[in-house]
Every structure is written in C-alpha cells, then in structure tokens.
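In case you want the letters, here they are:
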Amino acid sequence: MAFIHRRPSWAISEALATPEHIFLNRRSILAGMGLGLAAAALPRSARAEEADPTADLYPAKPNAAYKLDRPLTPEEINANYNNFYEYGTYKEIAASAQMLKTRPWEVQIGGLVDKPMTLAIDDLIRKFPLETRLYRHRCVEAWSMTIPWSGFPLKALVAMASPKADAKFIRFETFLDPVMAPGQNDFVYPWPYVEGVTIEEAALDLPFLVTGAYDKPLAKQFGAPLRLALPWKYGFKSIKSIRKIDFVAEQPVGLWEAIQPSEYGFWANVNPEVPHPRWSQAKERVLATGELVPTQLFNGYAAEVGQLYAGKDPAKLYM
Ligand SMILES: Nc1nc2c(c(=O)[nH]1)N[C@H]1C(S)=C(S)[C@@H](COP(=O)(O)O)O[C@H]1N2
Ligand SMILES: [Mo]
C-alpha cells in the first residue's frame, strides 16, 4: 500500500538534525519566500483575527505543582519547530499554519454523556479557570522541549460532560478542511487526525486542555484554539486543533496507529528502555541547546501516572 512506501520521513533524519540545521533551513526558507513581509501582506480580515477574543485571560495563574527540571525552551524555537501534518510533513510549518482559521470555532462534545453540547470556543474557554503549567514534551522522534502551557485540566471538561457508565475512552478529533489545511489533501494520511485516552487516564490531573502558551492565546502552529497535552506520552498523542470530543465504549484508533500500528500504539507511554522499532528511545535531543539527555520513564511523570498501568500488558504500554 502507498503509505508503506511513504513512511514518515521525520523518523530518523529529523531526530538527527541539529538546531543549527533548523535555523539555517528556516532562515533560507523565510528569505526565499519573502515571508518576513507576511504579516504586512495579510488581508484585513486576517489581521482583525489577531485580536483574540480571549486575550484578556492571559497570563493565567501559575500552577506551582508543575515545575521543570530544565530551562524553558524559548518561544521563538518552539514556535518554529512543529509537527502539524495538516500543514506539511516537515518542521517549518509556522507560516503556512497561519491559514488556520480559529474563529468561528465550535467544539462538539458528545457520545456516551448525559450532557452532549456544542460550544463556541470562547464560551468553552470561559467555562473554566485557566492556569499555567510548565510541561515537558517528548516527541516519539526523540527530540524534546519544555513549554509554559495555559489551559484547564481535561478532567474539568469530563465532569461538565458527565459521562455515562459505559464510556470507557475519550476520542478527540481535529478539524477536516483541506482548503484551510492543504496537508489534508495528502491522502496517505487518514484525516482527520484522531487520538484517544482511557477514562481513567482522563481522571488524572496531568492531561491538560491547552488554550494558550507563553502567556497568550495559543499560536496557530501549536494547534489553536484547543489542543491536548499528555506529557507522559509521546507527542503524537497530544492532538491539536480539536473540533470533536466523544466519549466512547471502544478504544479509539489514532491517525498514526491507523497507519503503522506496530510503531505508534494507543498507549505510547514514554519509556527509554523500549526502542521504537526503528530507533532507540534512550536519549532525547533537547530543542534549542541540542544537548542529548537521558529520557525518563513516563517522561519524568511516573509519580503522577505510574500506578494507573498496573496489570496492563507491559509490552503494549510503551509502544
Ligand atoms: N492535529 C494534529 N495534532 C498533532 C500533530 C499533527 O500533525 N496534527 N502532531 C503531533 C506530534 S507528532 C507532536 S510532537 C506534537 C507537536 O506539537 P508542537 O508542534 O506544538 O510542538 O503535536 C501532535 N499533535
Ligand atoms: Mo511527535
């Protein structure tokens, strides 16, 4: 099948790329496309959108329970090194991701719940007190970053939706709009992007629905206006630009699992001792410094999540 011959190209080459490469690429791409002038060239409607209706909510109150063991990755690094395949299969998608139109934006919450609802994003965001948490993020490609996310715990949304007893999983879905996201014309990928967690995982404090970063509303390339952060799992689980949240009885199949189940499983918990079938996960390259550091079990969040996985098939938990 086609996708077998078109494995994710990022797998090895990106994992080995140095920050110097990234900067050189970025600079030459920006220069080549004249994107330094992009903001000035935006139509008036797009500029009006820059006045985010939730801007007054930032900076959000820091949650001191979530600290880091390493410096924060500078914003200009994280904001220009992204995985967002809806905008291309390489890291320098920040400029094209500005095509993402984040208002109007509705989020549909449904499935096995007492209170199905469809909410305009600004109403949804204002239902919960926002807080800021410093999180680590570990991509399955073996690079990592740290980032100040703002948002609210997933468990608060779960409580609002009031799941029925037979809801065992939560299934998240990104928008589907190949005009707004040219990457969705690439039929190698089973769009829209889907990810999922168990209802037990969602009850933890750690899963975070992100609405902002670096003390302002979420930049488009980070998956505005609403994305998930599951910092103990490989980054592909942290789905961006969420449109639909369904409580379901069956384990959801994510986009990556659908393409290559032997490499990107449902659990995808970070574990340095379980290699990806094509590369080691023992170390990670820290964005900005390029330093190689040892990867930690559950990405350093074992105290928060470890007890949850007792009795589950250990061979599957880390794939
Ligand atoms: N919708 C969507 N969500 C996504 C992705 C994507 O391509 N599309 N990439 C995932 C991967 S592999 C990673 S590492 C993170 C990257 O988040 P960042 O670009 O904000 O660093 O988003 C995840 N969520
Ligand atoms: Mo990733």
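Remember, predicted model here, so these are calculated numbers, not experimental data. (Residues numbered from 1 in each chain as written. Chains lettered and ligands numbered in written order. Predicted model: local features only at pLDDT ≥ 70, side-chain atom pairs only at ≥ 80, totals over all residues. Heavy atoms only, no water.)

### A word on the sheet that holds strand β11 (residues 242-248)
To keep it simple, the criterion reads: Only strands that DSSP links by at least two bridges are regarded as paired with each other. Per the convention used, a helix needs a DSSP run of H or I reaching at least four residues, while a strand needs a run of E reaching at least two, with both numbered from the N terminus. All axes are obtained by fitting lines to C-alpha atoms, using only the stretch in contact for helices, and the reported angles, taken between N-to-C directions, cover 0 to 180 degrees. Only heavy atoms enter the contact rule, under which two residues are in contact if any of them lie within 4.5 Å.
The mixed open sheet is built from five strands, whose spatial order is β3-β2-β11-β6-β7. The open sheet is flanked by β3 (117-120) and β7 (194-198), the only strands paired with a single partner. Across this sheet, the average inter-strand angle for adjacent strands is 15 degrees, counted without regard to direction. Bridge analysis of strand β2 (residues 106-111) against β11 gives four bridges, and the strand direction is parallel. The partner of G111 across the bridge, within β11, is F247. This element, helix α8 (residues 154-161), spans β2, β3, β6 (169-174), β7 and β11 of the sheet and lies at about 65 degrees to β11.

### As for the pairing of strand β4 (residues 131-138)
Heads up, the condition is: Burial status follows relative accessibility: with a 1.4 Å probe on protein chains alone, a residue under 20% of its type maximum counts as buried, one over 50% as exposed, and anything between as partly exposed.
Burial runs high along β4: seven of the eight residues are buried. The pairing of β4 with strand β5 (residues 143-153) spans eight bridges and is classified as antiparallel. Opposite R138, over in β5, you have S144 as the bridge partner. Hairpin geometry of β4 and β5 is characterised by an intervening segment of four residues between the two adjacent antiparallel strands and by a positive phi of about 75 degrees at A142.

### Topic: the site of ligand 1
We count it as follows: Put simply, a residue is near a molecule or strand once any heavy atom of it comes within 4 Å of that molecule or strand. Think of a polar contact as two N or O atoms within 3.5 Å of one another; within protein, one of them needs to be a possible hydrogen donor and the other a possible acceptor, and neighboring residues in sequence only count if both atoms come from side chains. Residue burial considers only the protein chains on display, and all accessible areas are found by Shrake-Rupley using a 1.4 Å probe. Residues are grouped as follows: nonpolar covers Ala, Val, Leu, Ile, Met, Phe, Trp, Tyr, Cys and Pro; charged covers Asp, Glu, Lys and Arg; every other residue, Gly included, is treated as polar.
Around ligand 1, a shell composed of 18 residues is seen, among which N82, Y85, E86, S238 and K240 lie nearest. Within the backbone of N83, an N or O atom sits 3.2 Å from an oxygen atom of ligand 1. The contact in question runs from a nitrogen atom of ligand 1 to an N or O atom on the backbone of S238, over 2.8 Å. Protein coverage of the free-state accessible area of ligand 1, which is 540 Å², stands at 99%. Across the shell around ligand 1, the residue classes break down as nine nonpolar, six polar and three charged.

### Thoughts on the environment of R171
Within the element layout of this structure, R171 appears in strand β6. Each C-alpha atom of the pair R171 and Q251 lies 8.2 Å from the other, and the pair is 80 residues apart in sequence. For R171, the contacting residues outside a window of four places in its chain are V194, E195, G196, K244, I245, D246, V248 and P252. At 2.8 Å, the side chain of R171 forms a polar contact with the side chain of E173.

### Here we look at the pattern of salt bridges
Selection rule: Here a salt bridge means any side-chain nitrogen of Lys or Arg lying within 4 Å of a carboxyl oxygen belonging to Asp or Glu.
Under the counting rule described, the total for this entry stands at 18 salt bridges. Residues E141 and K91 are paired through a salt bridge, measuring 3.2 Å at the closest nitrogen-oxygen approach. You can see E141 sitting in the loop between β4 and β5 and its partner K91 sitting in the loop between α6 (75-78) and β2, a full 50 residues away along the chain. As far as burial versus exposure is concerned, E141 and K91 are alike and both buried. Here K164 ties to D114 by a salt bridge, and the two come within 3.3 Å at their closest N and O atoms. Separated by 50 residues along the polypeptide, K164 in the loop between α8 and β6 and D114 in the loop between β2 and β3 bring together distant segments of the chain. For D114, a relative accessible area of 46% translates into the label partly exposed. Each of D69, R70, R136, R138 and E284 takes part in one network of salt bridges that share partners.

### Looking at the packing of aromatic side chains
This is how the line gets drawn: Centres within 6.5 Å make a pair out of two Phe, Tyr or Trp rings, where for Trp the six-membered ring is used; the pair is then stacked when the planes are under 30 degrees apart, edge-to-face when over 60, and tilted otherwise. Any Lys NZ or Arg CZ that is within 6 Å of a ring centre and within 35 degrees of that ring's normal is treated as a charge sitting over the ring.
Evaluation of the coordinates by the stated rule reveals 20 aromatic pairs. Relative to W256, the ring of Y85 has its centre 5.4 Å away and its plane inclined at 80 degrees; by these criteria the two rings are edge-to-face. Highlighted residues: Y85 in the loop between α6 and β2 and W256 in helix α10 (residues 255-259), separated in sequence by 171 residues. Here W256 falls in the buried class, since its relative accessible area comes to 5%. Consider the rings of F266 and W267, whose centres lie 5.1 Å apart with planes at 85 degrees: the pair is edge-to-face. Of the two residues examined, F266 and W267, each falls in the buried class. Through successive ring pairs, a cluster of aromatic residues spans Y85, Y189, W191, F236, W256 and Y264. The aromatic ring of Y81 is capped on one face by K91, whose charged end is 5.7 Å from the ring centroid. Positioned over the ring face of W105 is R243, at 3.9 Å from the centre of the ring.

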